[in-house]
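One-letter residues, chain by chain:
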Amino acid sequence: MACLFALAIAGCSAGSGGTGGGEAGGGTADSAPSATSDPSGGAGTSSTAYAPYVSATTASALDAAGSPATYNLAFVISDGGDCTPRWNGSHALDDSSVASRIEQLTDDGATVRVSFGGASGKELAAVCGSARALAEAYGEALDAAGGATLADFDIEGDELTDSASVALRSEAIALLQAEREDLDVTFTLPVMPAGLDDDGIALLESANDHGVQVSTVNLMTMNYGESYGGDMGDYALTSAEAAHTQLRKVFGSSAAAAWRGMALTSMLGVNDVAGETFTLADAAEVRAFAEEKEIAWVSMWSTFRDRSCGGDSGADDAATDCSGVTQEDGAFGEAFAG
């Protein structure tokens, strides 16, 4: 039986068990995490850290808003046709500009979590020919990020439904963790107000079957669909409650441990789906909920959108470099940091 939620739960799991949008594991299961087991490096009175998504290749003046404990470095994907990992599919792992960027992000004591996958391009599991080759590709990217010990696997779209790549990825991560005992693994998955879909559950069960130690499951509380035109903060909380029940079943964890093994990521401002706008009030609501439940960390997509669009602040379509709502620069970062 795999030990899962490794850094949020002190025991092994008892068993394993809409379409959501995405971006633009000795002791008992009730044991609290040790002071050194916070993968996000959070400090202060709250156990919930703030860890936004940032571009691996392009700096934003808003990256440091809210003083993040960890930066989710997006994204490492295939260069297009083979098992060669690249930043955003375009920059070599040893690109000096990316190395300089990582150094700048971590100068103040923050850590970086390397995020593999995302909504665009090819996640490495879709093109690597073996679990060993895939594990080596993941390891190369972690090493390039200063020997990062935090890895995020953002799996969505067609690759979430591809059972072969899901299984290969699980095998590769298990191999990597056998070699790197301190490797902290997060799965970032789409969610609906009804919870994770069957494909998301299947991915977590695959990880369980292969002995992957999962620290957190990060829920993308965004892009639900055009029939969801209500309050985005309420939807995020409803999604978290539904997924919480599912995670307890998959990992055999206590209620408290399942909350500690969860993260929440929202798309700030105007989302990719018409009628969905995540406001600063929604961000404050999510932060308060996360603190109450002792959720591991909260995040947002993304720092370079954390500003007003100026004259287009009321735009109906999501922009890549601004939120689409009236705000001060960095306001969402400050709200999520609490």
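Keep in mind it's a predicted model, so treat the numbers as computed, not measured. (Residues numbered from 1 in each chain as written. Predicted model: local features only at pLDDT ≥ 70, side-chain atom pairs only at ≥ 80, totals over all residues. Heavy atoms only, no water.)

### Re the overall build of the chain
Logical step 1: A count of helices and strands for the chain gives nine helices and 13 strands.
Logical step 2: Going through the 338 residues of the chain one by one, you find that 56% of them count as buried.
Logical step 3: Surface exposure of the chain reaches about 12,600 Å², of which carbon and sulfur atoms provide 47%. (Helix = DSSP H or I, 4+ residues; strand = E, 2+ residues; numbered from the N terminus. Buried < 20%, exposed > 50% of the residue type's maximum accessible area, 1.4 Å probe, protein only. Areas by Shrake-Rupley, 256 points an atom, 1.4 Å probe, with all protein chains shown as cover.)

### Overview of the environment of glutamate 328
Logical step 1: Tracing the sequence through the fold places glutamate 328 in the loop between β13 (297-301) and α9 (331-337).
Logical step 2: For the pair glutamate 328 and arginine 307, spaced 21 residues apart in sequence, the C-alpha separation works out to 6.3 Å.

### Digging into the nonpolar core
Logical step 1: Of all hydrophobic cores here, the largest spans 78 residues; its most connected members are Trp87, Phe116, Tyr138, Phe187 and Leu204.
Logical step 2: Tyr53, Met220, Met222 and Met267 belong to the second largest nonpolar core, which has eight residues in total. (Core = buried A, V, L, I, M, F, W, Y, C linked by side-chain atoms within 4.5 Å.)

### Section: helix α2 (residues 131-144)
An α-helix turns once per 3.6 residues; consequently, residues spaced three or four apart project the same way.
Logical step 1: Its 14 residues place the ends of α2 20 Å apart at the C-alpha level, agreeing with the 20 Å of an ideal helix rising 1.5 Å per residue.
Logical step 2: For α2, the full list of buried residues reads Ala131, Leu134, Ala135, Ala137, Tyr138, Gly139, Ala141 and Leu142.
Logical step 3: Those residues of α2 hidden inside the fold are in contact with β3 (70-78), β4 (85-87), β6 (111-117), β7 (150-154) and α4 (163-179).
Logical step 4: Phi for glycine 146, located one or two positions after α2, is positive at around 75 degrees. (Expected span 1.5 Å × (residues − 1). Contact = heavy atoms within 4.5 Å.)

### Brief notes about the packing of α4 against helix α5 (residues 198-209)
Logical step 1: It is at 9 Å that the axes of α4 and α5 come closest, and there the two elements cross at 35 degrees. Judged by the sense of rotation from one axis to the other, the crossing of α4 with α5 is right-handed. Across the interface between the two elements, Val166, Ala167, Arg169 and Ser170 from α4 touch Leu203, Ser206 and Ala207 from α5.
Logical step 2: Taken together, the residues of the contact of α4 with α5 sort by class into four nonpolar, two polar and one charged. (Axes fitted to C-alpha atoms, helices over the stretch in contact; angles between N-to-C directions. Left-handed = near helix turned anticlockwise from the far one by under 90°. Nonpolar A, V, L, I, M, F, W, Y, C, P; charged D, E, K, R; others polar.)

### With respect to the pairing of β7
Logical step 1: In terms of residue burial, β7 counts as a mostly covered element, since five of its five residues are buried.
Logical step 2: Once the chain exits β6 it traverses α2 before rejoining the sheet at β7, and the crossover so formed is right-handed. (Right-handed = clockwise from strand over helix to strand, strands pointing away.)

### Details of the pattern of salt bridges
Logical step 1: According to the stated counting rule, one finds seven salt bridges in the structure shown.
Logical step 2: Linking arginine 169 and glutamate 123 is a salt bridge whose minimum nitrogen-to-oxygen distance equals 3.1 Å. Of this pair, arginine 169 sits in helix α4 while glutamate 123 is found in the loop between β6 and α2, placing the two residues 46 residues apart along the sequence. Residue arginine 169 shares its accessibility class with glutamate 123, and that shared class is buried.
Logical step 3: Aspartate 321 is the salt-bridge partner of arginine 307, the closest N and O atoms lying 3.6 Å from each other. (Salt bridge = Lys/Arg side-chain N within 4 Å of Asp/Glu carboxyl O.)

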